[in-house]
Amino acid sequence: MDKEKLFKDAQDIIMKSDNNGVEEVTRRALSEGIDPLEMINEGFRVGITMVGELFERGEVFLPELIQSAEVMKKASGILMAALPKGREAKRGAVVIGTVRGDIHDIGKILVVTMLQANGFEVLDLGHDVETAKFIEKAQEINADVIGTSSLLTTTMKYQKELEDELKKSGMKEKIKTIVGGAPVTRRWADRIGADAYAENASEAVRKVESLLGIKE
Ligand code: B1M
């Protein structure tokens, strides 16, 4: 099995927005026993990051970025569906979404899938979610954790808004928070008073476990 070749094929598929090739390469990865998350991280995610860089330099335009994102979504859908079924036990409830003004949701969907696969009940509010809605839904389902994703430097402020609103309403002590997204850092999480930061979907699972005091 040539893993590097598969990762390279995945990157090319995203770069070329090859909607037909994506099924072939994801099925090939699965049939060769490659970990779905590794295939996303080392293959498809690298491809979409490269397209993002070309976009930033004005070498590709929004319609091409959108097409590549569609192919990326298709790839993650197929690969995440192949993850082993979640644990039976309910280990905690998480409300999650991408913050107001932000429609990026590929990474957030990976986080949701990984949490579900690890036995958490997850209410995914989608993208462009108002701060008040996170709080309302968390109260409604008696959530243990609220998770927010932000991909734009201009929308990170809503992660802070959530912390401020939780403090104001006296809920900060009862509900833990976790933040993530490409421009988000540990430092930002500390600055706004979030309880945890995760760089990727697997780390998000470990951080939520640790927030809830769950030990294997
Ligand atoms: Co947009 N975009 N985009 N985009 N886009 C970025 C973020 C950008 C960095 C591209 C660039 O210029 N290099 C740039 C932001 C610049 C900035 O903020 N300073 C940008 C821009 C400018 C824009 C628009 C404004 C473009 C325009 O309209 N002119 C626009 C904004 C729309 C809006 O939200 N209001 C826009 C639109 C889009 C598309 C719709 C075309 C598409 C999104 C499609 C979709 O999500 N359904 C898109 C894409 C695909 C990107 C890039 C290229 C890739 C994002 C992605 O999916 N990465 C992105 C460049 C980049 O990030 N390098 C870019 C793959 C994904 C697996 O990783 O999302 O980081 P990521 O998630 C990771 C971790 O961050 C973490 O775990 C995930 C899995 O490992 N994580 C969490 C994420 N959320 C977490 C939550 C957690 C914990 C961990 O706890 C709760």
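Residues numbered from 1 in each chain as written. Predicted model: local features only at pLDDT ≥ 70, side-chain atom pairs only at ≥ 80, totals over all residues. Heavy atoms only, no water.

The name recorded for the protein in an unreviewed UniProt entry is B12-binding domain-containing protein, from marine sediment metagenome. If you open the UniProt record of the protein and go to Sequence similarities (unreviewed entry), you find "Belongs to the methylamine corrinoid protein family." (UniProt positions renumbered as here; feature names shortened; annotations may be inferred.)

Participant: Looking at this structure, I do not really get the pattern of salt bridges. What am I missing?
Facilitator: Applying the stated criterion across every chain, the model contains 18 salt bridges. For the salt bridge of Lys74 with Glu23, the shortest nitrogen-to-oxygen distance reads 3.6 Å. With Lys74 in helix α4 (residues 62-81) and Glu23 in helix α2 (residues 21-31), the pair connects residues that are 51 residues apart, well separated along the chain. Take Glu23: its relative accessible area is 36%, and that puts it in the partly exposed class. Across the pair Lys108 and Asp124 runs a salt bridge whose closest N-O atoms are separated by 2.9 Å. (Salt bridge = Lys/Arg side-chain N within 4 Å of Asp/Glu carboxyl O. Helix = DSSP H or I, 4+ residues; strand = E, 2+ residues; numbered from the N terminus. Buried < 20%, exposed > 50% of the residue type's maximum accessible area, 1.4 Å probe, protein only.)

Participant: Which parts of the structure should I look at to understand a nonpolar patch on the surface?
Facilitator: A surface patch of nonpolar side chains, amounting to about 270 Å² of accessible area, comprises Phe55, Leu62 and Ile66. When you line up the elements, Ile66 lands in helix α4. (Patch = residues over 30% accessible without salt bridge, like charges linked within 9 Å, V, L, I, M, F, W, Y side chains within 5 Å. Areas by Shrake-Rupley, 256 points an atom, 1.4 Å probe, with all protein chains shown as cover.)

Participant: How do you make sense of the environment of Pro63 when you look at a structure like this?
Facilitator: You can see Pro63 is positioned in helix α4. By relative accessible area, which is 53% here, Pro63 ends up exposed.

Participant: Help me understand the packing of helix α3 (residues 36-56) against α4 in this model?
Facilitator: When two helices pack together, their arrangement is given by the angle between the helix axes and by the axis-to-axis distance. α4 packs onto α3 with a crossing angle of 175° between their chain directions and a minimal axis gap of 10 Å. Classified by the angle their axes make, α3 and α4 are roughly antiparallel. Residue-level inspection shows Pro36, Leu37, Met39, Ile40, Phe44, Arg45, Ile48, Val51, Gly52 and Phe55 of α3 in contact with α4, the latter providing Leu62, Leu65, Ser68, Ala69, Met72, Ala75, Ser76, Leu79 and Met80. Looking at side-chain class alone, the contact of α3 with α4 contains 15 nonpolar, three polar and one charged residues. (Axes fitted to C-alpha atoms, helices over the stretch in contact; angles between N-to-C directions. Parallel < 35°, antiparallel > 145°, perpendicular 65-115°, else oblique. Contact = heavy atoms within 4.5 Å. Nonpolar A, V, L, I, M, F, W, Y, C, P; charged D, E, K, R; others polar.)

Participant: Can you help me understand the coordination of the cobalt atom of the ligand in this one?
Facilitator: In an ideal octahedron of six donors the angles at the metal are 90 or 180 degrees, and in an ideal tetrahedron of four donors they are 109.5 degrees. You will see that the cobalt atom of the ligand has only one donor from the protein, His104 (NE2), lying 2.2 Å away. With respect to the helices and strands, the residue His104 is situated in the loop between β1 (93-98) and α5 (106-117). (Donors = N, O, S within 2.8 Å, 3.2 Å for Na, K, Ca; no water.)

Participant: Help me out: how do you make sense of the domain arrangement of the protein in this one?
Facilitator: Frequently, the measure chosen for interface size is the accessible area that the parts lose on association. Once the domains are mapped, the protein shows domain 1 (3-81) and domain 2 (93-211). Using only C-alpha atoms to locate each centre, domain 1 and domain 2 end up separated by 25 Å. Across the contact, seven residues belong to domain 1 and seven residues belong to domain 2. The largest contributions to the domain 1 side of the interface with domain 2 come from Leu37, Lys73 and Met80, which together make up 69% of the buried area. Where domain 1 packs against domain 2, one counts one residue pair in polar contact (both at pLDDT 80 or more). With five residues, the single largest contributor to the side of domain 1 that touches domain 2 is α4. Its residues placed into classes, the side of domain 1 that touches domain 2 shows five nonpolar, one polar and one charged. (Domains from an automatic or database assignment. Buried area = accessible area lost by both parts, 1.4 Å probe. Polar contact = N/O pair within 3.5 Å; in protein donor to acceptor, adjacent residues only side chain to side chain.)

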